[in-house]
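Listed below, chain by chain, are the residues.
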Amino acid sequence: MTDKRGKERIIIHIDYDCFYASVWENLRPELRTVPLGIQQKSILATCNYIARERGVKKLQLIKDAKAACPDLVIVNGEDLTPFRDASRSIFNFIAGTLVGTNQMERLGFDEIFIDVTALVDHNLALLLNSAPGDTFSFHLTLSPPHTTFPINLHNLPPYTHPSDSIPPSFSSLSLDTSGQAQPPETIRLLQRLYLATHLATHLRTLVKSTHNHTASAGISTSKTLAKLAGTINKPDAQTVLHPTTTQAFLDKFEIGKIPGIGRKAATIIRQLVNPLIEPEEQLHEEWFEDVKQKVTVLEVRTKLTQVDLARSPLGGTEAAKVWAWIHGLDDQGVGAKKTVPSQITVEDTFRSLTRAEAVMEVLDRLHSKMLSRMSSELVEDPEAAGGVGKKRWIAVPKTYRLSIRTRKHGFGNRVSRSMPLPSWVLSGVINGDNEGTVGRLSREMGWNLMKRALKEEGEERGWDLQLVNVGVAGIEGAEGGRRTIGEFFGGKGKQTVREEVAEVEEMDGEWELWEEECYVDGEEDEDVWGVCSVCGGRMLRFTLEAHARFHALEHSEGMDMDMA
DNA sequence: ATGGATGAG
DNA sequence: CATTCTCATCCAT
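Chains are numbered independently. Their residues run from 1 in the order of the written sequence. Chain letters start at A and ligand numbers start at 1, both assigned in the order the entries are written. Where totals are concerned, whole chains, interfaces and linings use all residues; where local detail is concerned, this predicted model gives features only for residues with pLDDT of at least 70, and gives and counts side-chain atom pairs only at 80 or more. For side-chain calculations, the full set of non-hydrogen atoms in the structure is used, while hydrogens and water are omitted.

(A) Structural context of the sheet that holds strand β2 (residues 36-40). Overall, mixed pairing links the three strands, which are arranged β3-β2-β4 in an open sheet. If you trace the sheet from one side to the other, it starts and ends with β3 (43-47) and β4 (73-76), each paired once. Along the sheet, successive strands turn relative to each other by an average axial angle of 40 degrees, direction set aside. Looking at chain direction, β2 and β3 are connected through four bridges and run antiparallel. In the strand pairing of β3, isoleucine 38 is matched with threonine 46. Sitting on the sheet, helix α1 (residues 19-27) is in contact with β2, β3 and β4, with an inclination near 110 degrees to β2. Two strands qualify as a pair provided that DSSP identifies no fewer than 2 bridges between them. Strands are runs of DSSP state E lasting at least 2 residues, helices are runs of H or I lasting at least 4, and numbering of each runs from the N terminus. Under this scheme, a helix contributes an axis fitted over its contacting stretch, all axes are lines through C-alpha atoms, and angles between N-to-C directions fall in the 0 to 180 degree range. Should any heavy atoms of two residues lie within 4.5 Å, those residues are considered in contact.

Shown next, in the form of C-alpha cells:
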C-alpha cells in the first residue's frame, strides 16, 4: 500500500469527434463540407467543426444557431438508431482488435475506456527482452495467433502534457528533459505510457480507416486522468499525461469539470469555497453565466478539508470520492466488456399532450420501438445469422417502466411507475407478434401505470404531458445461458400482485372523460372489458381466459426451469 | 423490488 | 439553469 509506483494501471480514453455529425457525414458525404447541425426538437444535439467555426454551439436553440449561421444545414437526430449502431460497430471492432483485453467500457455512444495495463506490460517485457533496434512489433493480442503493428522507437506520437515533457525516443526515457536521471519506477511508468501512446495512435488510425470517424484520446493512469487528458488536444488528436505532473494538471480545472462532479455537487462545493454567493444567484437565469464563480480544484484542495466536504450536503461517501479524485487518486476500474444493455428505454417529448387518443398513439409508437430493440438486442436468432436453431434470449428484462413529466410537475423531474414485465411481452417478441403486443402493452401496461402516476401525483385533472418514456429494465447479462421459448414462464419467479391496479378505478372529471375517449368508442359496452384478478391488467374479456393460463404456468412450472 | 436523484454524453 | 434521448449507478424505502 505504501508504494503504488510500478503498479499503476494504464488507461486509454477514446472520444469520437462530434459523433452524431460524423455519423451523418458518413451517411451523406456531401454534408462533410458544410456547416452541419443535428437537431433534436428545439435544440442542436451537436454540430460539426465547420459549424463551430461559424459560432454554432452544442445544445444551442435552433433559432439561435440559425441566427449565428444562416446557411447551417440541419438534419434530424431524434432517432438514435444510426448513432447506436455506429457506436456498437466501432466498439466491437476495437474489441476484436484487442483480443484478450476484457476491460473495455462504453460511456454514452461516443466514448470508450480501455484498461491496457496487461497488454502494455506484456509488450514492455517483450521489448526489454528483445535486441535493441529502431522499431518494435507491438502485440495486440496476449496469446497466439498474434497480430502486431510496428512502432518507431525514436518517434513518440503527439502530444504530451506538459508539452514535450516525454522524450520522443524510448531509449531516452531514463532522463528528463533537463538531462536529470529519473527514478526507476518513473522510468518504467514512462515506458508503459510510451507504449500505450503508440497503441492509442494505432487504434485511432484503425477507427478512421475502417469506420471513417476521427477521435480524440487521452492516455494516463486512471479513468479520470485519461478522460481529462483527452480534452487537451482535439479534434483528431491525443495527449499523454506526464505521470509526475498530474496534480498540477488537475489543479487548473474548474471543479465541475471533474468527471463525477456534476451540477449539484459542483454547486455545493462552490458555495463552500465562496459562501458569498446566494443559492438563487447560483441557479437562476441570464446572470448565471456571469455570476457563476469558477472554483478551481486547487482552491478546493487548499481552502477546504475533506471534513468540510463531508459535513456539507454532499455527505461523507461523496466527499471521500471527491477528495480522492481531486488529489489524483482514482481507483475506478474499467468495467468488463458489456454485450447487453441493462435497460432499454424509448422516449419522446412534447410541447403539450393532453388528448387520450394522442397519448395512446404515442404509447403505441414507443412500444413498437421498444419491442424492436428488445428483439435486436436481447434475442439471438441463429436462422437470421444463416444457421439453424431456435431463437433464444441472451438476457431477459424483469421490469417494465413508464416515466412521465408533466407541465405542472414540470421542471426537474420525471415520475415513474414500474411493474414486473409480464411473460406475454417476451413471447410476443420471440414470436414476432409486434402488432398485438404493442396494443396490449399500451392498453394494459402503459395506460394503467400512467393513471397510477398521475393520480398519485395529484394530477387527475388538467394534466399535460411533456415527456413519455417507456422501457424495460433489470436486464441481467445471462452469458452462455440456454433460454428458449417457454423458459420465461418458469424462469422469472413470482410476480408481485398489485391490488390497487386491480381495483375499479374511481375517478372524476377529466379522468373519466379521458378514459371514455380511449376505451368507449360508442359501440363498446362494459361487458367487453375485464380485469385480471392476478395482475390487474385490463383487457378484452375474451382474452382473460388465455391470460389466466399464463399465470397458472408461472406458478406451476416455476421450479422445473433452470434457474441458476 | 420500487422510485427518485444524480451522473454521464 | 434546462433544452434531447438516452444509459448507468447509488440511495431510501
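Next, the rest of the story.
(B) Spatial organisation of the pattern of salt bridges. Salt bridges are defined by distance alone: a side-chain nitrogen of Lys or Arg within 4 Å of a carboxyl oxygen of Asp or Glu. All told, the structure shown has 25 salt bridges when counted by the stated rule. Its salt-bridge partner being aspartate 79, residue lysine 369 comes within 3.6 Å of it at the nearest N-O pair. Here aspartate 79 lies in the loop between β4 and α4 (81-97) and lysine 369 lies in helix α15 (residues 356-378), a separation of 290 residues in the sequence. When salt bridges that share partners are traced, they join Lys41, Glu78, Asp348 and Arg365 into one network.

(C) Spatial organisation of the pairing of strand β1 (residues 11-16). Among the six residues that make up β1, five are buried, leaving the element largely enclosed by the rest of the structure. Bridge count for β1 against strand β10 (residues 215-220) is six bridges, and the pairing is antiparallel. Within β10, the position partnered with isoleucine 11 by the bridge is serine 220. Relative to strand β6 (residues 111-115), β1 is paired through five bridges, and the arrangement is antiparallel. For aspartate 15, the partnering residue across the bridge sits in β6 and is glutamate 111. For each residue, the accessible area found with a 1.4 Å probe, counting protein chains only, is set against the maximum for its type, and the residue is called buried under 20%, exposed over 50%, and partly exposed in between.

(D) Structural detail: the environment of proline 29. When you line up the elements, proline 29 lands in the loop between α1 and β2. Sequence separation between proline 29 and aspartate 348 is 319 residues, and the spatial gap between their C-alpha atoms is 29 Å.

(E) Quick peek at the UniProt feature "domain: UmuC" (unreviewed entry) in chain A. UniProt positions are given in the numbering used here, feature names are shortened, and annotations may be inferred rather than shown by experiment. UniProt marks residues 11-262 with the feature "domain: UmuC" (unreviewed entry), using the numbering shown here. Along residues 11-262 one finds 37% helix and 20% strand; the C-alpha atoms at either end are 22 Å apart.

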